[in-house]
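# Chains, contacts and geometry: an overview
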Amino acid sequence: MRVAIVHDWLVARGGAEKVLDALLDAFPQAEIFTVVDFMPESIRERIGRHRVHSSLIQRLPFARRHYRRYLPLMPYAIEQLDLHDFDLVISSSHAVAKGVMTHSGQMHVCYCHTPMRYVWEMKEAYLADAGIKFAPLEWCMRYTLHRLRQWDYVTAGQVDLFIANSHNVARRIAKYYRRSAAVVPPPVDLDAFQFNPGPREDYYLTASRMVPYKRIDLIIEAFRETPQRRLVVIGDGPERKRLEQLAQGAGNIEILGYVPIADLQHRLSHARAFVFAADEDFGIAPLEAQACGTPVVAYGNGGARETVRGEAGDIHATGCFFQEQSIPSLLAALERFEARTFDPMDCLTQARQFRHDAFFEHLHQQLAGCMPALVPNN
């Protein structure tokens, strides 16, 4: 069986790329298709063992740094990828990958991280972040997003099977695409994280790409108001300079930027708690923290509701939720967190539900159900 895996773009390592790694483990013969491939050699890992095909955007001016600005061109670019020789096409999509063209003799399975958020529920936030003051240009952008939304809806009808990474995303697929979706949560590489059953050090940790919707600014502002609590921030991205300015003068807040994976794992396994403020589609980071035995203080919406046990009366809780993305709500959750104890083994048990073999088993079941002639039984 010839397998093609279509991924939106290869530029950095995040949750979507960890899922891509798992798909490549499941299909070691697969070839990769993507809009652009600028993934550094140092972090290519499994990707480097596979043939990668990129779109015409790869060769356009300034694509390496500003590939996102070619978003209006991406539907055309993804449709030009030639996949006619493959039996199974799997799109790993949070943007345009699911819009790839397939023919009637192929099976197209979309592993959907989310419908394109910046043309659906995050449209206004996306426009606000762009900061456009010139009205005609704003109208042009709104029209572009409108056309992208139409294209996104139409291409959903060409997918044979949707698999969502969470029930949260499955509800969005039903809302925006009018399609049902199976749910197969992403895998967590438990072996990559060191479980620490012992005492914790006196600091809180957050780690993610520094982009606006991750709401690291909210976490920093909350800890500025409580200087008795230490916060360590790990990650890099376009928001880093602004976040460093926000934390300036706060002696209890340390922004480290990017750190080697071994350092991240050590700090994660010794933190008092992992703080997670994003309204995430799924969010692997809280599960990686729990794999270390570290409890989580999370925004109680989106994917975190499916990965963290945060109910007040749950004796096996693995964290606490805050109900609003606001400083008072986060501070109240920290107070509740500090008023009780959490068992590291409960955290590890929760993370084990999302292990790699469970992902492979559930993925195999879904594929075998829709294409039994092509999927082996073992």
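This text goes with the structure placed above it.
So, here is what we can say about the structure in this document. Everything quoted here is computed from the prediction, not taken from an experiment.

Rules behind the numbers
The numbers attached to residues start from 1 for each chain and follow its sequence in the written order. The model is predicted, so local features are restricted to residues of pLDDT at least 70 and side-chain atom pairs to those at 80 or more, both for listing and for counting; the totals for chains, interfaces and linings are taken over all residues. Just so you know, side-chain values use all the structure's heavy atoms and leave hydrogens and water out. Buried, partly exposed and exposed residues are distinguished by accessible area as a fraction of the type maximum, computed with a 1.4 Å probe on protein chains only: under 20%, between the cut-offs, and over 50%, respectively. Helix numbers and strand numbers start at the N terminus; a helix is a DSSP run of H or I with at least 4 residues, a strand a run of E with at least 2. Should DSSP find at least two bridges between two strands, the strands are taken to pair. Looking down the strands as they point away from you, a crossover is right-handed if its path from the first strand over the helix to the second goes clockwise. Each axis is a line fitted through C-alpha atoms, and for a helix only the stretch in contact is used; angles between axes span 0 to 180 degrees, taken between their N-to-C directions. Each angle receives one of four descriptions, namely roughly parallel if under 35 degrees, roughly antiparallel if over 145, roughly perpendicular if within 65 to 115, and oblique otherwise. In this scheme, a crossing is called left-handed if the near helix is turned counterclockwise away from the far one by less than a right angle; it is called right-handed if the turn is clockwise. In this analysis, two residues are considered to be in contact whenever any of their non-hydrogen atoms come within 4.5 Å of each other. Basically, the charged four are Asp, Glu, Lys and Arg, the nonpolar ten are Ala, Val, Leu, Ile, Met, Phe, Trp, Tyr, Cys and Pro, and anything else, Gly included, counts as polar. Each salt bridge in this description consists of a side-chain nitrogen of Lys or Arg and a carboxyl oxygen of Asp or Glu lying within 4 Å of one another. Nonpolar cores were defined as sets of buried Ala, Val, Leu, Ile, Met, Phe, Trp, Tyr and Cys residues, with membership established by side-chain atoms within 4.5 Å. Here is the rule: rings of Phe, Tyr and Trp (six-membered ring for Trp) pair when centre to centre is within 6.5 Å. Planes less than 30 degrees apart are stacked, more than 60 are edge-to-face, and the remainder are tilted. For a ring to carry a charge above it, either NZ of a lysine or CZ of an arginine must fall within 6 Å of the ring centroid while also lying within 35 degrees of the normal to the ring plane.

### Some words on the pairing of strand E2 (residues 31–34)
Side chains Glu31 and Phe33 project from E2 onto one buried face, and the interleaved Ile32 and Thr34 project onto a second face that is buried too. Across 4 bridges, the pairing between strand E1 (residues 3–7) and E2 is parallel. Residue Val6 lies in a different strand from E2, and its bridge partner there is Phe33. Regarding the hand of the β-α-β motif, the stretch spanning E1, helix H1 (residues 15–26) and E2 is right-handed. As paired strands, E2 and strand E3 (residues 52–54) are joined by 3 bridges and run parallel to one another. Bridging across to E3, Ile32 finds its partner in Val52.

### Examining the pairing of E1
Burial runs high along E1: 5 of the 5 residues are buried. Residue alternation in E1 divides its side chains into two sets, Val3, Ile5 and His7 and Ala4 and Val6, and both sets are buried. Looking at chain direction, E1 and strand E4 (residues 88–93) are connected through 5 bridges and run parallel. Directly across from Ala4, in E4, lies its bridge partner Val89.

### A closer look at the packing of helix H7 (residues 216–224) against helix H12 (residues 327–338)
As a packed pair, H7 and H12 sit with axes 9 Å apart at the nearest point and diverge in direction by 65°. With respect to H12, the element H7 is oriented roughly perpendicular. When you trace H7 past H12, the crossing you get is right-handed. On H12, the residues touching Leu218, Ile219, Glu221, Ala222 and Phe223 of H7 are Ile327, Leu330, Leu331 and Leu334. A breakdown of the residues in the contact of H7 with H12 according to their chemical character gives 8 nonpolar, no polar and 1 charged.

### Quick word on the pattern of salt bridges
All told, the structure shown has 25 salt bridges when counted by the stated rule. Across the pair Arg13 and Asp21 runs a salt bridge, and its minimum N-O distance is 2.4 Å. When its relative accessible area of 23% is taken as the criterion, Arg13 is described as partly exposed. The class of Asp21 is buried, set by a relative accessible area of 4%. The partner of Arg242 in a salt bridge is Glu239, and the shortest N-O contact between them spans 2.6 Å.

### As for the packing of H7 against helix H8 (residues 240–247)
Contact geometry of H7 with H8 gives a least axis separation of 10 Å together with a crossing angle of 10°. Considering their axes alone, H7 and H8 lie roughly parallel with respect to each other. Only Arg242, Leu243, Leu246 and Ala247 of H8 make contact with H7, whose side of the interface consists of Ile216, Asp217, Ile220, Glu221 and Arg224. Residue classes in the contact of H7 with H8 are distributed as 5 nonpolar, no polar and 4 charged.

### A look at H7
Of all 9 residues that make up H7, 7 are buried, and the element is covered over most of its length. Along H7, the residues that are buried comprise Ile216, Asp217, Leu218, Ile219, Ile220, Ala222 and Phe223.

### Structural notes on the environment of Ala291
Checked against the element boundaries, Ala291 lands in helix H10 (residues 285–291). Along the chain, Ala291 and Met345 lie 54 residues apart, while their C-alpha atoms are 9.1 Å from each other. Sequence-distant contacts of Ala291, defined by excluding residues within four places in its chain, comprise Leu190, Phe193, Phe195, Leu348 and Ala351.

### Brief notes about unusual backbone geometry
Trans is the prevailing form of peptide bonds, just as negative phi is the prevailing case for residues other than glycine. Positive phi, normally seen in glycine, also occurs at Phe62, with a value near 65°. The topology assignment puts Phe62 in the loop between E3 and helix H2 (63–66). Look at Arg178: it is not a glycine, yet its phi comes out positive at around 60°. Looking at the secondary structure, you find Arg178 in the loop between helix H6 (167–177) and strand E7 (182–183).

### Some details on the sheet that holds strand E11 (residues 273–276)
If you trace the 6 strands from one edge of the open sheet to the other, you get E10-E9-E8-E11-E12-E13, paired in parallel fashion. Edge positions in the open sheet fall to strand E10 (253–257) and strand E13 (319–322), since each of these has one partner strand only. On average, adjacent strands in this sheet sit at an angle of 20° to one another, irrespective of strand direction. With 4 bridges joining them, strand E9 (residues 231–234) and E10 adopt parallel strand pairing. Bridge pairing in E10 links Leu231 to Ile253.

### What about the nonpolar core?
Counting residues in each nonpolar core, the largest one holds 41 residues, and the members touching the most others are Val6, Met74, Ile78, Leu83, Val96 and Phe162. Every element with two or more residues in this core is listed here: E1, helix H3 (74–79), strand E5 (107–112), helix H5 (135–156), strand E6 (161–164) and H6. By residue number, the principal contributor to this core is H6, which donates 5 residues. If we skip the residues at most four places from it in the chain, Val6 touches Phe33, Ile78, Leu83, Val89, Ile90, Ser91, Ser92, Ala97 and Val100. The next biggest cluster of nonpolar side chains, apart from the first, holds 30 residues, and it includes Ala247, Ala250, Ile327 and Ala333.

### Here we look at the packing of aromatic side chains
One pair of aromatic rings is described through two measures. These are the centre distance and the angle between the planes. This structure, assessed with the given rule, holds 12 aromatic pairs. Taken together, the aromatic side chains of Tyr204, Phe223, Phe337 and Phe342 make up a single cluster linked through ring pairs. We note Arg2 situated over the ring of Phe86; from NZ or CZ to the ring centre the distance is 4.5 Å. Sitting over the face of the ring of Trp151, Lys98 holds its NZ or CZ atom 5.4 Å from the ring centroid.

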